[in-house]
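Listed here are the chains, written in short residue letters.
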Amino acid sequence: MSMEDEILKDFLAEAKENLEQLDQDFVELEQDPENGELIKSIFRTVHTIKGTAGFFGFTTLEGIAHFSEDILSKVRDGLVRVDEEITTILLQSVDYIKAILASLEQSGKEPDDIEYLDFIVELRNFAEKLTKEKDEDKPKEQSSPEETKNAEPETAEDDKVVQSEQETTKQEAESGESKEDKSSKTETAKEEPVKAESKKDKAPTTKPKLKKPAAPTAHLTETHVRVDVHLLDKLMNLAGELVLSRNRLVQIATQLSDPELITANQRMSLVVTDLQEQIMKTRMQPIGNVFNKFPRIVRDLSRGAKKQVQLRIEGAETELDRSIIEVIKDPLTHMVRNSIDHGIESPEIRIQKDKPAIGTLVMRAYHEGGQVIIEIQDDGAGIDPEKVKAKAIEKGVITPEQAATISDREALMLIFQPGFSTAEQVTNISGRGVGMDVVKTNIEKLGGTVELNSEKGLGTTVRIKIPLTLAIIPALIVRSGGQRYAIPQVNLVELVRLSTEAMEKNVQVIGNSEFYRLRGQILPLIRLNRVLKCEECDDKESSSSGLNIVVLNSGDRQFGLVVDAINDSEEIVVKPLGQHLKHINCYAGTTLMGDGRVALILDVVGIASTLNLRAEDSKRQTTLVSDKLSGEDERQFLLLFTIAEDEYFALPLALVNRLDKVSIADIEIVGGKEVIQFRGHSMPVIRLENYLPISPLPEQDHYHLIIFHMNEKDIAFLVSRIDDSLDTSVEVEDEAFKQEGILGSAILKDRTTLFLDVFNIIQIYDPDFFVVPKVATAHQARILVAEDSSFYRNLLSSYLEAAGYEVVTAEDGQAALEILEKEDFDLLITDIEMPRMNGFELTKAIRSNDKFKDMPIIAVTSLSGEEDRRRGVQAGVNDYQPKLDRDQVLNAVQNLLGSTEMQQAA
Amino acid sequence: MSDMNQNNISEIESTPELRNEDTLEFTTFFYNDHLFGLPIDEVIEINRALDVTPVPLAPDYVAGVVNLRGQILTAINLAKRLGLKKEAQKEQEISHNNVITGNREEPISLLVQRIGDVISVPKSQIEPPPDTIAGVDRSFVKFVCKLPRNLLMVLDREALENPEKAG
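Now for a look at the structure at hand.

Each value, and the rule that gives it
By convention here, each chain's residues receive numbers from 1 onward along its written sequence. Starting at A for chains and at 1 for ligands, labels are handed out in the order in which the entities are written. Restriction of local features to residues with pLDDT of at least 70 applies here, the model being predicted, together with a cutoff of 80 or more for giving and counting side-chain atom pairs; totals for whole chains, interfaces and linings are based on all residues. Excluding hydrogens and water, the side-chain values take into account all heavy atoms of the structure. Labels follow the DSSP assignment, with helices taken as runs of H or I lasting at least four residues and strands as runs of E lasting at least two, numbered in each case from the N terminus. Only protein chains enter the accessibility calculation, which uses a 1.4 Å probe; a residue is then buried when its area is under 20% of its type maximum, exposed when over 50%, and partly exposed in between. We call two residues in contact when some of their heavy atoms are within 4.5 Å. Calculation of accessible area relied on Shrake-Rupley with a 1.4 Å probe; when residues are assessed, cover is drawn exclusively from the protein chains displayed. As used in this structure description, the phrase polar contact means that two N or O atoms lie within 3.5 Å; if the pair is within protein, one of them must be able to donate a hydrogen and the other to accept it, and residues adjacent in sequence are counted only when both atoms belong to side chains. For helices, the fitted line uses only the C-alpha atoms of the stretch in contact; every axis is such a line through C-alpha atoms, and the angle between N-to-C directions lies from 0 to 180 degrees. Angle categories are assigned with fixed cut-offs, so that under 35 degrees is roughly parallel, over 145 is roughly antiparallel, 65 to 115 is roughly perpendicular, and the rest are oblique. We call a crossing left-handed when the near helix sits turned anticlockwise from the far one by less than a right angle, and right-handed when that turn is clockwise. Residue polarity follows a fixed list, in which Ala, Val, Leu, Ile, Met, Phe, Trp, Tyr, Cys and Pro are nonpolar, Asp, Glu, Lys and Arg are charged, and the others, Gly among them, are polar. By nonpolar core we mean a set of buried residues, namely Ala, Val, Leu, Ile, Met, Phe, Trp, Tyr and Cys, connected to one another through side-chain atoms within 4.5 Å. Where each domain starts and ends comes from a domain assignment, either automatic or drawn from a database. Nonpolar side chains (Val, Leu, Ile, Met, Phe, Trp, Tyr) within 5 Å and like charges within 9 Å form the patches, drawn only from residues with over 30% relative accessible area and no salt bridge. Counted as salt bridges are all cases of a side-chain nitrogen of Lys or Arg within 4 Å of a carboxyl oxygen of Asp or Glu. Working definition: a ring pair exists when centres of Phe, Tyr or Trp rings (six-membered ring for Trp) sit within 6.5 Å. Plane angles under 30 degrees give stacked, over 60 give edge-to-face, the rest tilted. A positively charged side chain is recorded as over a ring if its NZ (Lys) or CZ (Arg) lies within 6 Å of the ring centre. The angle to the ring normal must also be within 35 degrees.

1. What about the overall build of chain A?
Next up, step 1: A count of helical and extended segments in chain A gives 30 helices and 34 strands.
Next up, step 2: For chain A, buried positions account for 50% of its 906 residues.
Next up, step 3: When contacts within chain A are restricted to residue pairs at least 6 apart in sequence, those whose partners lie at least 24 apart make up 68%.
Next up, step 4: Put simply, chain A shows about 43500 Å² of open surface, and 50% of that area lies on carbon and sulfur atoms.

2. Here we look at the overall build of chain B
Next up, step 1: A tally of regular secondary structure across chain B gives 4 helices and 11 strands.
Next up, step 2: Among the 167 residues that make up chain B, the fraction classed as buried is 50%.
Next up, step 3: A total accessible area of about 8500 Å² is found for chain B, and carbon and sulfur atoms account for 47% of it.

3. Focus: the side chain of B:E161
Residues and elements named next belong to chain B.
Next up, step 1: By the element assignment, E161 lies in helix α4 (residues 157-161).
Next up, step 2: On the basis of relative accessible area, E161 is assigned to the buried category, the value being 9%.
Next up, step 3: Among the polar contacts made by the side chain of E161, one reaches the side chain of R157 at a distance of 2.9 Å.

4. Here's the deal with the packing of helix α10 (residues 229-256) of chain A against helix α11 (residues 259-283) of chain A
All names here are of chain A.
Next up, step 1: Two elements in contact, α10 and α11, have axes separated by 9 Å at closest approach and are oriented at 160°. With respect to α11, the axis of α10 lies roughly antiparallel. By crossing handedness, the relation of α10 to α11 is classed as left-handed.
Next up, step 2: Split into classes, the residues belonging to the contact of α10 with α11 amount to 17 nonpolar, 5 polar and 3 charged.

5. Overview of the environment of A:A588
Residue and element names in this part refer to chain A.
Next up, step 1: Relative to the helices and strands, A588 is located in strand β17 (residues 587-592).
Next up, step 2: With 100 residues separating them in the primary sequence, A588 and P488 have C-alpha atoms 9.3 Å apart.
Next up, step 3: The residues touching A588, leaving out its near neighbours within four places in the chain, are I601, L602 and D603.

6. Concerning the side chain of A:N760
Next up, step 1: The residue A:N760 is located in helix α25 (residues 758-765) in this model.
Next up, step 2: If sequence neighbours within four positions are ignored, A:N760 has contacts with A:E740, A:G741 and A:S798.

7. Some details on the nonpolar core
Next up, step 1: The biggest cluster of nonpolar side chains holds 77 residues, and the ones touching the most others in it are A:F641 and A:F717.
Next up, step 2: In terms of residues, this core owes the most to one element, helix α26 (residues 790-802) of chain A, which gives 7 residues.
Next up, step 3: Taken domain by domain, the makeup of this core includes at least three residues from each of domain 5 (623-765) and domain 6 (782-905) of chain A.
Next up, step 4: Excluding anything up to four places from it in sequence, A:F717 contacts A:L651, A:I686, A:L688, A:H704, A:L705, A:I706, A:F708, A:L756, A:V758, A:I761 and A:I762.
Next up, step 5: With 58 residues, the next largest nonpolar core counts A:I526, A:C534, A:L552 and B:I108 among its residues.

8. Things to note about a nonpolar patch on the surface
Residue and element names in this part refer to chain A.
Next up, step 1: Together, V225, V227, L231, L235 and L238 make up a nonpolar patch on the protein surface, roughly 470 Å² of accessible area in all.
Next up, step 2: Note that V227 resides in the loop between α9 (214-223) and α10.
Next up, step 3: Taking relative accessible area as the criterion, V227 reaches 42% and is therefore assigned partly exposed.

9. Some points on the pattern of salt bridges
All names here are of chain A.
Next up, step 1: Enumeration according to the criterion identifies 25 salt bridges over all chains in this entry.
Next up, step 2: Ionic pairing is found between E345 and K355, a salt bridge with its closest N-O pair at 2.8 Å. A residue pair is termed long-range when its members are at least 10 positions apart, and E345 in the loop between α14 (322-343) and α15 (347-352) and K355 in the loop between α15 and β4 (359-368) qualify at 10 residues. Residues E345 and K355 agree in their burial class; the two are buried.
Next up, step 3: In this structure, D384 engages K456 in a salt bridge whose closest nitrogen and oxygen atoms are separated by 3.7 Å.

10. A look at the packing of aromatic side chains
Given two aromatic rings, one states the distance between the centres and the angle between the planes to describe the pair.
Next up, step 1: If you walk through the whole model with that rule in mind, you get 5 aromatic pairs over all chains.
Next up, step 2: With 4.9 Å between their ring centres and 70° between their planes, A:F708 and A:F717 make a pair best called edge-to-face. With respect to burial, A:F708 and A:F717 carry one shared label: buried.
Next up, step 3: Taking 4.6 Å as the distance between ring centres and 70° as the angle between the ring planes, the aromatic pair formed by A:F759 and A:Y799 counts as edge-to-face. Separated by 40 residues along the polypeptide, A:F759 in helix α25 and A:Y799 in helix α26 bring together distant segments of the chain.
Next up, step 4: By relative accessible area, which is 0% here, A:F759 ends up buried.
Next up, step 5: On the basis of relative accessibility, which here comes to 0%, the residue A:Y799 falls in the buried class.
Next up, step 6: Here the guanidinium or amino end of A:K673 rests over the ring plane of A:Y765, the centre of that ring lying 4.5 Å away.
Next up, step 7: Over the face of the ring belonging to B:F30 we find B:R114, whose NZ or CZ atom lies 4.2 Å from the ring centre.

11. Observations regarding the packing of helix α13 (residues 294-304) of chain A against α14(A)
All names here are of chain A.
Next up, step 1: The geometry of α13 relative to α14 is characterised by a closest axis approach of 10 Å and an angle of 35° between their N-to-C directions. Considering the relative orientation of α13 and α14, their crossing is right-handed. Here F294, I297, V298, L301 and S302 of α13 lie close against α14, whose contacting residues are K329, L332, T333, V336, R337 and I340.
Next up, step 2: Taken together, the residues that form the contact of α13 with α14 break down as 7 nonpolar, 2 polar and 2 charged.

So this is what it looks like as C-alpha cells:
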C-alpha cells in the first residue's frame, strides 16, 4: 500500500510539472501549428498521464486523457490543423486534469462530480467530429495501398498496446461502482478502434522520431533531486544560526588576537559565507516559474476580452527568493489583467490609431542594485489622467476642487487608492473586487515599491522593485541610547558626520523640528532617541561632539536619522517580533548580534511616518492650506516668525542660510545703517518695519536673525521670534495684501500670515545689492516665466527683475505659448507641473515651432528628481534648476543668454 | 475547568489510595510575599543567564527581548503585568530569572524575582481564584491553592501571552 502511495506521489509531482509545461506548449502550438516536436511533446505528456491513470484505476482521468490523446494524435498525424477550437478544448481538458490531480492529492480519490463525465462526453463528441471531418477530407489517402502496407508492422504493435490498455480499462470499469462511469468506459472502449485507425495513417513516419527525444528527459531526472520545501527552510535557519555563531567567533578571535585562531577563523568564515550563499541559492528560483504561467493567462484573458495580445517575456531566468515568488504571483496577475482589460485596445481601434492590430505586453525582470525590478509594459491606450480624476471624484476619493489642482502624475497614483477601478464597465476579467491598492499593499509588505508610468495613447508601464530575499539582509548597525539597532541597507542613502562647528552652521532648529541643509536640499532630521522616547538617555558626549546623520530613503522622501554612533555594516538574519511587540511600527523585526545579544531592526518607513505625523499635525492646523490636495512638487518648508505681536510672517526656508540670535548691544550703526559682526564681516541687518507697513519691532534684549546669503553677500532680517517651520503646500492669495515686499497672504495655523518677498525687500533696502557687474548685456534681456503658483511666479519675477531682466509672466503652459506667439523673448523659465499644459508639453511645443524653436529654456521645480531631469532633457530643456535657488537660476540664465549671444554674433 | 475539578474532587474522595497520582506539580516563584506557580508541563525551562534587551515604545509590562539559543522571545516583567506594588517592581528590575513558558512556536519569558521549588499539590486543594486577590490582577490567576504557609497562585499562561489583555 505504502509503495503504491509512493508511486502515486511521484506520479502527481511529475504530472503537475508536465501540465505547467502543457499550458505553455498549447499556446505556442497555436502560433506555430506546424511544430511537430511540440505536438509530440504534448502527446507524450498526455499519453503518460493516461497510462498511469489506467494503472491506478482513475477512470475519469484516464477518460479525459484518452480523448485528448485521440485529438492530439490526429493533429500529430497531420489529419487536422490546430485551430483555436482545438486548442481551447485541449486546454479545457488540461484544466480538468489539473482539477482531478488536485483532488487526488488531497483525498486520494477522483472528484465525484457529474461535470467531469459531461466533459468526457463533450470531448468524445469533439473527437468523433474530427474523425468524421477527416474521413470526408481524406478518403483517398486511406485507400492508398502502399501506405497501408508500410504501416502494417507498427500498427500491429500499436494494436497490442491498445488491446492491453483496453483490458485494464475494462477491469476498472467492472470494479467501478457508478453506472455512469461504466457507460463512459464503454464509450471509451468503442472509441479505441477509431484511434487505432487514425494512428495507422501516418504512424510509420512519426513513430521512430517519437521515441528519440524521450531519452534526454530520463537523463535529466538523475541530476535533480526533489527536496521538501520545509527542509530547505530549516537549512536556511540553520545557516542563519551558523552565520551568527561565526560572527561571535570572529569577535572573540579579534579580542584574543591569537594568530592561529584568527587564521582558522578566517577559513571557517569563508566556508560559512559560501555555505550561506549556496543555501540561499537553493531558495532562489527563476522568476520564470511565475512568468511561465502567463502565456496561458494572457491567451485566455485576451480571448475573453476579444483582443489580440502578444506576450513577450524577458529575463525569465532572473532569480529571487522562493517566498517572494509566491507572493508576487497574484499582484502580477492582477496587473496583467489590468493591462489587457483596460490598457490594450481592441484590434479595430488599434488599427484606427495606426498601431499594429496585435497588442504587445512585455513582462520583464532584471536585477538592479541588489533588487529585482519587474516591469509590466503594454502598448495600449495608456491611462487618461482626466478619466482617473473623474472616476476618483465619482468614487469620492477626491473632491472636484482637488481634482483641478492635482497634476497628471498624481492623478495616475490615485489608481492605487483603495476602491478604485477605471474600467468603464466592470468586465469579468478585472473588477473582481481586488484593486490596485491591494497590489500596492502586497508589494510594500515585501519591502518593495510600485511605480506607474503612462503616456496617453502610447501605453503603460508598471515598475515593481522588490528585494532579492527577505531572510538575510545587509544592514547598518547604529547605536542610540546605549542600544544597538540595525537599519536595512536598502533604505540607506549616505552617512553624514557633522562636527560641532558644521552642526551649528548647517542645522537649524525651528519649533520642534530640526533641519539640515544637505547640498542645497532641506533634510528633515529625526533624532532616534526622541522617536524611541528615551531622551533621558541622550548621550551628552555625542551631542557635544557633533552629529551622526544616517540619510535614509523611505519611499518618496528622504530624511536624516540622528544616532549616537554608527558601528558597522553586517549581514543580519531577520527574526520576527513577538506578538506583544508586533504593533510597534518603528521596528521591522529583531536580529542577533555577534555577541549573542538581540538588536532591533528599524522600520524606516515606520520611523518616517512619525515625521509625517508631525507634518500632518501642523497641516491640520492650516485650515485653508490643508484642504488642498496639492502637488508634492509644490510642497515646501516655510519658516514662520513674528515681528510685533499678532502679526505673522512666512518665507521659504530654502532661502534662509541660517538662523541666529543677536544681542541688542551687538548692533552697530555704520553709515546710517545697522550692521552686526558676522563671519568676520559686518553684515547689514534690516528692520522690516522700515520697508513694510507693519508694526515696529518691540524693544527686546535679544533679537532673532534670519540670515540670507545671496550674491556672495550676507544680509539679515531682524525679527522678534521664530515661531515654527511648516511642511505644507502654499496657496498664496496675492490680492488682499499685494504691495511692495509682500508676495501675498495665506492662512497658516489659523492665522493670516504674510509671505515676504525677500528679494524685493533687500532691493528696496539696497538697490545695488543684486547688481552683478557681469550682467551688462547690450539690451535688456526679456524673460518669460511660466508658473502656475502665484507665489512662485512673483518670487521668480522678483529676483529676475532685481537682477536686471525684463520679466513677463504666464499662468500656465498654454498661456505662455499664446504670449510667445505675440512677443519675442530671449529665454523661457517654466515650471514642470502646471494645469492645461505642463512644462514638458510646453517645451515640446516650443521645440517644434520654427518661430522660437531655438529659444533657451530653463525648467524649474521645487524638487529636482533625476527622473524629472531626464524627462526634461528629453523634452528639450536646456537647464534644470530648483526654483528657490536664486543664485543658481540666475547663473543658468546668464550662461544661456551668453551662449545664445555668442551664437548670434558668430 | 471548574467542572473538571469537581469531578477530580469526587474521584479523590472515592479512591483515597490513588491520592499520589492525583496531584499536580507546579514550578513556583516568588514576589515578596506572593507565591506564584505554573503547571510544570507549561514551563519549558528556567534560565538565569539571559540578557534582556530593552525595547523602547513597547508596552509597559514588556521588559524587552531575550535570545534563547537563536530564538528571540519577548520578556515580560511579571510584576508589571500582574500590577504588583511598586517596591516589588524595583527589586525585580535587578533580577534576571527567566521562566520560559508558552507554546513551542512562540514562547515567552517571564522575569521573576526569585525561583522557588517545584511543589506537588493535591488536586483537591486547587480552587478557582477568589473574587479579589490583594495586590494582584485577578484576570491572570487561573487557580489558587491554599498551602500550609501561604497561598499559591497558579497563573493563566494564555492570559499572560495574550497581548490584548491589559497588564
